[in-house]
Structures are given as C-alpha cells and as structure tokens.
Amino acid sequence: MKPKSRLSLELYDMLLSRGYQERFCDLITQNLNTDFTAQRMIFYLSHYSMLPEEEIVDEMLAILSDRNQIMQKKQLEHSNEVYNEYLNRKKHGENDYE
C-alpha cells in the first residue's frame, strides 16, 4: 500500500481529534492517501463538526470515483495524443520503422 501523504496524515489527526475510532481513521486515510484526495475530504469535513461514519465513507467513495474519472480522462487524452501523432506521421509518409 502507498504511504500516506502529509495531508492524509493531517486528515487522520483531524478525524481522530473529532472522536472517530483509530481503525476508522486509518481505513479512511489508507484510501485517501494522496494530498489531492485528503484535501478534498478535509475541505468537506471543515463544513461540519461531526458526521456519522456512513456519510464520511460515502464522501470518500465519491472522492475516489472522481479521482478515477480524472485518471481515466488523462489516460484517454494521452492515448488520443499518441494516436493523432501516428496519424500525422502516416499522413506525411513517415515510416515507423525508420
């Protein structure tokens, strides 16, 4: 498993200080282990003093879903770029084997 980022550790401390169990805090921050995902959860939690664990888990899943969509979009953009470069080389008569 990837080590926790600085903001993920901050999120862990935030959850713990609000009275959530250590195991719950650890599970949340194991999944939100990057600064990007942890920051999103910290921002969400900053609007509330105490939430049921189920709502935090639901928000965690939404954050992970958004992250996966962003990653997929970047992969598709890269694939499209590579394909367009191939088409451009082919259009100009360049050979891939030169």
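Above this text is the structure in question.
Remember, it's a predicted structure, so these values are computed and weren't measured experimentally. (Residues numbered from 1 in each chain as written. Predicted model: local features only at pLDDT ≥ 70, side-chain atom pairs only at ≥ 80, totals over all residues. Heavy atoms only, no water.)

A. Seen up close, the pattern of salt bridges. Under the counting rule described, the total for this entry stands at five salt bridges. Linking Asp26 and Lys4 is a salt bridge whose minimum nitrogen-to-oxygen distance equals 2.6 Å. Highlighted residues: Asp26 in helix H2 (residues 22-31) and Lys4 in the segment before helix H1 (6-17), separated in sequence by 22 residues. Judged by its relative accessible area of 22%, Asp26 falls in the partly exposed class. In this structure, Arg23 engages Asp26 in a salt bridge whose closest nitrogen and oxygen atoms are separated by 3.7 Å. Separated by three residues within a single helix, Arg23 and Asp26 lie in helix H2, roughly one turn from each other. For Arg23, a relative accessible area of 52% puts it in the exposed group. (Salt bridge = Lys/Arg side-chain N within 4 Å of Asp/Glu carboxyl O. Helix = DSSP H or I, 4+ residues; strand = E, 2+ residues; numbered from the N terminus. Buried < 20%, exposed > 50% of the residue type's maximum accessible area, 1.4 Å probe, protein only.)

B. Summary view of the packing of aromatic side chains. Applying the stated criterion across every chain, the model contains three aromatic pairs. With centroids separated by 5.5 Å and ring planes inclined at 35°, the aromatic side chains of Tyr20 and Phe24 adopt a geometry described as tilted. Look at Tyr20 and you get buried, because its relative accessible area is 6%. With relative accessibility at 10%, the residue Phe24 sits in the buried group. (Phe/Tyr/Trp six-rings, centres within 6.5 Å; stacked < 30°, edge-to-face > 60°.)

C. Structural context of the packing of helix H3 (residues 35-45) against helix H4 (residues 53-91). For the pair H3 and H4, interaxial distance at closest approach is 10 Å and the crossing angle is 140°. The angle between the axes of H3 and H4 places the two elements in the oblique class. Considering only the axes of H3 and H4, their crossing is right-handed. Across the interface between the two elements, Phe36, Thr37, Arg40, Met41, Tyr44 and Leu45 of H3 pack against Glu55, Ile56, Glu59, Met60, Ile63, Asp66, Arg67 and Ile70 of H4. (Axes fitted to C-alpha atoms, helices over the stretch in contact; angles between N-to-C directions. Parallel < 35°, antiparallel > 145°, perpendicular 65-115°, else oblique. Left-handed = near helix turned anticlockwise from the far one by under 90°. Contact = heavy atoms within 4.5 Å.)

D. Summary view of the nonpolar core. Formed by 20 residues in total, the largest nonpolar core has its most connected members in Leu11, Leu15, Ile28, Leu32, Met41, Leu45 and Ile56. Elements supplying a minimum of two residues to this core: H1, H2, H3 and H4. Once you skip the residues sitting within four places of it in the chain, Ile28 turns out to touch Leu11, Leu15, Ile56, Val57 and Met60. (Core = buried A, V, L, I, M, F, W, Y, C linked by side-chain atoms within 4.5 Å.)

E. Region of the structure containing a negative patch on the surface. There is a patch of like negative charges on the surface, built from Glu53, Glu54, Glu55 and Asp58. Considering the arrangement of structural elements, one finds Glu55 in helix H4. You can call Glu55 partly exposed: its relative accessible area is 38%. (Patch = residues over 30% accessible without salt bridge, like charges linked within 9 Å, V, L, I, M, F, W, Y side chains within 5 Å. Areas by Shrake-Rupley, 256 points an atom, 1.4 Å probe, with all protein chains shown as cover. Lys, Arg positive; Asp, Glu negative; His and termini not counted. Charge placed at Lys NZ, Arg CZ, Asp CG, Glu CD.)

F. A look at a nonpolar patch on the surface. On the surface, a cluster of nonpolar side chains totalling about 280 Å² of accessible area is made up of Tyr83, Tyr86 and Leu87. Inspection of the secondary structure puts Tyr86 in helix H4. The class for Tyr86 is partly exposed, based on a relative accessible area of 32%.

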